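The lines below spell out each chain.
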Amino acid sequence: MTQTPACTVRIASPLRSYTGGAAKVAADGATLSEVLADLDRQFPGIRFRMIDEQDAIRPHIRLYVDAREVKSLSEAVGACETVHVICALSGG
Amino acid sequence: MILSAAEQSRYQRHLALAEVGPAGQQRLKSARVLIVGAGGLGSPAAMYLAAAGVGTLGIVDCDRVELSNLHRQLLFATADVGRPKTDAACERLAHLNPEIALEAHALELRTANAREVLENYDVILDGTDRLATRYLVNDACVILAKPLVSAAIHRFEGQVMTYVPGRSACYRCLYPEAREGIVANCAEAGVLGVLPGVLGAIQATEAVKLVTGLGEPLAGRLLTYDALEMTFREFPVERRRDCAVCGERPSITVLADQDERCATSLERVRRLAAAELRETLCRGTPAAVVLVDVREPQEFAIGRLEGSINIPIGDLPQRLADIPRGATPIFLCRSGRRSLAACELAMGGGIEAPAHLEGGLLAWAREIDSTFALD
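Reading the values: rules and limits
- Residues numbered from 1 in each chain as written.
- Chains lettered and ligands numbered in written order.
- Predicted model: local features only at pLDDT ≥ 70, side-chain atom pairs only at ≥ 80, totals over all residues.
- Helix = DSSP H or I, 4+ residues; strand = E, 2+ residues; numbered from the N terminus.
- Buried ≥ 20, exposed ≤ 12 C-beta atoms within 10 Å, placed from the backbone.
- Contact = placed C-beta atoms within 7 Å.
- Rg over C-alpha atoms; globule rule 2.2 N^0.38 Å.
- Domains from an automatic or database assignment.
- Axes fitted to C-alpha atoms, helices over the stretch in contact; angles between N-to-C directions.
- Left-handed = near helix turned anticlockwise from the far one by under 90°.
- Nonpolar A, V, L, I, M, F, W, Y, C, P; charged D, E, K, R; others polar.
- Core = buried A, V, L, I, M, F, W, Y, C linked by C-beta atoms within 7 Å.
- Pairing = 2+ DSSP bridges.
- Right-handed = clockwise from strand over helix to strand, strands pointing away.
- Expected span 1.5 Å × (residues − 1).

Asker: Sorry, what's going on with the overall build of chain B here?
Answerer: Tallying secondary structure elements over chain B gives 17 helices and 13 strands in all. Considering only C-alpha atoms, chain B reaches an extent of 75 × 50 × 40 Å along its principal axes. Looking at chain B as a whole, 49% of its 375 residues qualify as buried. Here the analysis covers contacts within chain B between residues at least 6 apart in sequence; of these, 69% occur between residues at least 24 apart.

Asker: Looking at this structure, I do not really get the overall build of chain A. What am I missing?
Answerer: Each helix and strand in chain A was counted, giving two helices and five strands. Secondary structure of chain A in N-to-C order comes out as β-β-α-α-β-β-β. Taken over the C-alpha trace, chain A has a radius of gyration of 12 Å; the compact-globule value for 92 residues is 12 Å, and the two agree within 12%. The principal-axis extents of the C-alpha atoms in chain A amount to approximately 45 × 25 × 25 Å. Looking at chain A as a whole, 41% of its 92 residues are labelled buried.

Asker: Hey, could you run me through the domain arrangement of chain B in this one?
Answerer: Interface size is often expressed as the accessible area that is lost when the parts come together. Parsing chain B into structural domains produces domain 1 (31-261) and domain 2 (263-367). Measuring from the centre of the C-alpha atoms in domain 1 of chain B to the corresponding centre in domain 2 of chain B gives 31 Å.

Asker: Is there a simple way to explain the packing of helix α4 (residues 42-52) of chain B against helix α5 (residues 85-96) of chain B in this structure?
Answerer: For any two helices packed against each other, one specifies the inter-axial angle together with the distance between the axes. Residue and element names in this part refer to chain B. Closest axis-to-axis distance for the α4/α5 pair is 9 Å, and the angle between their directions is 35°. In the packing of α4 onto α5, the handedness of the crossing is right-handed. From α4, Ala 46, Met 47, Ala 50 and Ala 51 reach across to α5, where they touch Ala 89, Leu 93 and Leu 96. Of the residues that constitute the contact of α4 with α5, the class distribution is seven nonpolar, no polar and no charged.

Asker: Could you clarify how one ought to interpret the nonpolar core in this entry?
Answerer: Buried together is how nonpolar side chains tend to be arranged in soluble globular proteins. Residue and element names in this part refer to chain B. Judged by nonpolar contacts, the single largest core of 101 residues is most densely connected at Val 33 and Ala 46. Ranked by residues supplied to this core, first place goes to helix α7 (residues 131-144) with nine residues. Val 33 has contacts with Leu 49, Val 54, Leu 57, Tyr 121, Asp 122, Val 123, Leu 125 and Ala 207, leaving out every residue within four places of it along the chain. By size, the runner-up hydrophobic cluster in this structure holds 24 residues, among which are Ala 274, Val 294, Ile 311 and Ile 330.

Asker: What's the story with the interface of chain B and chain A in this structure? I'm lost.
Answerer: Taken together, the 35 residues of chain B in the interface contact 18 residues of chain A. For the side of chain B that touches chain A, the secondary structure elements donating two or more residues are β5 (148-154), β6 (157-163), β8 (231-236) and α14 (297-302) of chain B. With three residues, the top contributor of residues to the side of chain B that touches chain A is β5 of chain B. Its residues assigned to classes, the side of chain B that touches chain A shows 16 nonpolar, twelve polar and seven charged.

Asker: Before we go on, may I ask you to explain the pairing of strand β2 (residues 56-60) of chain B in this structure?
Answerer: Two faces make up the sheet, and in a regular strand the side chains alternate between them. Residues and elements named next belong to chain B. Across the five residues that make up β2, a large majority, four, are buried. In this structure, strand β1 (residues 32-36) lies alongside β2, joined through five bridges in parallel fashion. Directly across from Val 33, in β2, lies its bridge partner Leu 57. For the handedness criterion, the β-α-β arrangement of β1, α4 and β2 is classed as right-handed. Here β2 runs beside strand β3 (residues 101-105); their pairing, made up of five bridges, is parallel. Along β3, the bridge assignment pairs Gly 58 with Glu 103. Read as a crossover between parallel neighbours, the route from β2 over α5 to β3 is right-handed.

Asker: Even after reading the chapter, I still don't get α7 of chain B, so can you show me in this structure?
Answerer: Given 3.6 residues per turn, any residue in an α-helix points the same way as the ones three and four places further on. Residues and elements named next belong to chain B. Taking 1.5 Å as the rise per residue, α7 with 14 residues should run 20 Å; its terminal C-alpha atoms sit 20 Å apart, in good agreement. Within α7, 13 of the 14 residues are buried, which leaves it mostly tucked inside the rest of the structure. Two residues or fewer past α7, Ala 145 is found with a positive phi of approximately 55°.

Asker: Got a minute to help me understand helix α10 (residues 195-212) of chain B in this structure?
Answerer: Taking 1.5 Å per residue, 18 residues should reach 26 Å; α10 of chain B reaches 26 Å between its end C-alpha atoms and fits that length. Two residues or fewer past α10 of chain B, Gly 213 of chain B is found with a positive phi of approximately 80°.

Asker: Explanation requested: the sheet that holds strand β4 (residues 68-70) of chain A in the structure shown.
Answerer: Backbone hydrogen bonds hold the strands of a sheet together, and the pairing may be parallel or antiparallel. Residues and elements named next belong to chain A. The strand order β2-β1-β5-β3-β4 describes an open sheet built from five strands, whose pairing is mixed. Here the strands that pair on one side only, and so sit at the sheet edges, are β2 (24-28) and β4. Ignoring strand direction, the axes of neighbouring strands in this sheet form an average angle of 30°. Two elements, strand β3 (residues 61-65) and strand β5 (residues 82-87), share five bridges in a ladder whose sense is antiparallel. Looking across to β5, one finds that Tyr 64 is bridged to His 84. Sheet strands touched by helix α1 (residues 32-42): β1 (6-10), β2, β3, β4 and β5. Its angle to β2, the strand with the most contacts, is close to 115°.

Asker: In this structure, what is going on with the environment of Arg 13 of chain B? I would like to understand it.
Answerer: Residues and elements named next belong to chain B. Mapping Arg 13 onto the fold places it in helix α2 (residues 12-15). We classify Arg 13 as exposed; it has 8 C-beta atoms within 10 Å. Expressed as a C-alpha distance, the spacing of Arg 13 and Ile 100, which sit 87 residues apart in the sequence, is 18 Å.

Asker: Got a minute to help me understand unusual backbone geometry in this structure?
Answerer: Comment: phi is negative for the bulk of residues other than glycine, and the bulk of peptide bonds are trans. The phi angle at Asp 55 of chain A is positive, at roughly 65°, despite the residue not being glycine. Note that Asp 55 of chain A resides in the loop between α2 (46-50) and β3. Even without a glycine there, the phi angle at Met 230 of chain B is positive, about 55°. Tracing the sequence through the fold places Met 230 of chain B in the loop between β7 (221-226) and β8. Judged by local crowding, Met 230 of chain B falls into the exposed class, with 7 C-beta atoms found within 10 Å.

Put into structure tokens, the structure is as follows:
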């Protein structure tokens, strides 16, 4: 079985408590759904901070693959692409 | 509006820019810009806009200057600690540029006053530290058709976007909903002091551009800044047809504070003062009460109340089953914001009468146990 090459995931600052402070991690998957599943395997609980029980992206989170905004978890993710997790910030 | 000799001298470097020139400087002099929040973002924005010669600058803030503000809020000096921020800010800005008019609004922006405050300004800058106010300011700007430059910060990162009425995505298009407590604020998470300087300066730049008509506003584009990597990134943000305020069939047509929207449900929350919590714990009914600390694990590791369990706020919806049925959860966090949000989540999950520690563990450390460790 061929292993899916890893893409890069950039983690929003408020979610880095899950990644040990890492801003950038690698995750496997050909679709965003697979990438997030792999991310959750590595950092348990992080997916739920972004995706709700109905598999919808939470309203204070935005996901981009490179510069494309993603609205569906079936979005394809290439090996050289970066998934950006962006989160509403409240500080002023 | 004619520039005086003193103004021509003061703004000479602007006048030397052909793109600004006397016409642009006169537009700045005629402009009225409102800054909501005299904090880390509002400080540099206010100073640059005052220096730039914005004719009327309004400042909204109901807080007083605290010592912990000074590592990033350059409007204030050590001697200002304890003073109302609007007083200290206007004094500082008047020293910087006596040619401009300053309007202090020492109030908390609420549903009842937002229209009255905002409607007299041409451009609004949002630098508050309260999500409910961000939505209130956004909704007011959409309803009043005012351009808005919104920025926010967290630890080493910041975001900024400009809303141009009728043309670009608003803050609700960017984030349709966000609750207090789900996202940590500066007091809870910390912030690099110089970070808001960068974002606040960008907000001021956008305001100058909007007033003078120069360049391309940051409309429909979210600009993110990572101070540790020293990178800026730009992400497209489209208008949402289903946006609750600027969409095709808006459900928000009058102003309402997000906190007021959920006030009815929150009336069922029992709000415990630190002394009340101590009494509750002293009564020793462990089966009836469970202390649930909703801070992040690293905060919990620094200091915790004996017997408390840790369920970070973001995990709470999927871990409500960890709270024993029949027990009353008392939610705890650093300041009381996240614990109040936890109560709302718990009620949504079927827990009827949750409680929370008002003022958070900060109040506990201040009023009950001065040795309690907080980050």
